[in-house]
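# A closer look at the structure
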Amino acid sequence: MKLILQNHFLIAMPGIEDPFFKKSVIYICKHDSNGTMGIIINKPIENLKIKDILKKLKIKDFKKKNKEINKPVILGGPQSGDRGFILHSSKKKFSTSIKVSKNMLITTSRDILESIESLEDPENILVALGYCSWKKNQLENELLENTWIITPASNYILFKVPMKNRWTEAAKTLGIDTKKITMNFGNA
């Protein structure tokens with residue numbers, strides 16, 4: 001049976017020491033026979049907010065107070081750290097939008113950033129630099145090695161839970177207390 005992981009969270013097990021993935025929650029944007037692509041959703045880049053990106057891209061001055069532009073930019077993963085990925089819930093598609101689920105899109109084009117102040121702005125937005133990727137069957141093998149646990153994605157965790165609490169809250173959706181997870185396990 002083939003796992004379908006798109007629109008799920010990968011929750012890092014406590015034994016992961018790699019700084020990119022330690023206590024990470026990754027939103028899976030694509031999972032097919034060629035591999036997997038996801039965005040880490042709980043690692044803010046220090047001193048970098050969405051408004052800083054808008055300023056750097058010379059997108060119009062923002063006169064209206066928009067709480068979205070004060071959100072931190074996230075370190076989405078080790079691949080293409082200079083490339084932006086925007087996860088958002090929106091009825092409007094932008095020029096490079098790809099539908100991940102019924103309520104979630106990922107966009108890489110500038111037009112979404114230009115829309116933040118308009119009436120068409122996305123309801124929820126998460127801006128990340130970089131992404132995570134796995135080759136064909138690589139993630140499935142990591143799952144067999146108990147590197148990750150999986151849970152269906154939650155827009156509440158993705159957009160409303162503070163970043164520092166997302167690892168713990170994502171695990172709680174499975175009834176797991178992260179303070180009690182042990183690395184002594186086996187496969188059933």
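This text gives an overview of the structure that appears in the document.

Conventions we followed
Residues numbered from 1 in each chain as written. Predicted model: local features only at pLDDT ≥ 70, side-chain atom pairs only at ≥ 80, totals over all residues. Heavy atoms only, no water. Helix = DSSP H or I, 4+ residues; strand = E, 2+ residues; numbered from the N terminus. Buried < 20%, exposed > 50% of the residue type's maximum accessible area, 1.4 Å probe, protein only. Contact = heavy atoms within 4.5 Å. Areas by Shrake-Rupley, 256 points an atom, 1.4 Å probe, with all protein chains shown as cover. Core = buried A, V, L, I, M, F, W, Y, C linked by side-chain atoms within 4.5 Å. Polar contact = N/O pair within 3.5 Å; in protein donor to acceptor, adjacent residues only side chain to side chain. Salt bridge = Lys/Arg side-chain N within 4 Å of Asp/Glu carboxyl O.

So, on to the overall build of the chain. When you go through the chain residue by residue, the secondary structure sums to five helices and 10 strands. By the burial criterion, 45% of the 188 residues in the chain qualify as buried. Counting contacts in the chain only where the partners sit at least 6 residues apart, residues at least 24 apart contribute 67% of the total. For the chain, the computed accessible surface area is about 10,700 Å², with 52% contributed by carbon and sulfur atoms.

Membership of the largest hydrophobic core comes to 39 residues, with the highest contact counts inside it found for Ile-39, Leu-87 and Trp-148. By size, the runner-up hydrophobic cluster in this structure holds 15 residues, among which are Ile-50, Ile-59, Ile-125 and Leu-129.

Turning our attention to the side chain of His-31. Counting through the fold element by element, His-31 comes out in strand S2 (residues 25–32). The class of His-31 is buried, set by a relative accessible area of 9%. Within the structure, the side chain of His-31 is placed 3.3 Å from the backbone nitrogen of Leu-5, a separation counted as a polar contact. A distance of 2.7 Å separates polar atoms of two side chains, one belonging to His-31 and the other to Glu-140.

Glancing now at the environment of Lys-99. Within the secondary structure, Lys-99 sits in strand S7 (residues 98–101). Separated by 70 residues in the primary sequence, Lys-99 and Cys-29 place their C-alpha atoms 8.8 Å from one another. Those residues within four positions of Lys-99 in sequence are excluded, and the remaining contacts are Gln-6, Met-104 and Leu-105.

A few words on the pattern of salt bridges. This structure, assessed with the given rule, holds three salt bridges. Of the charged contacts in the structure, one is a salt bridge between Lys-30 and Asp-32, with a shortest N-O distance of 3.9 Å.

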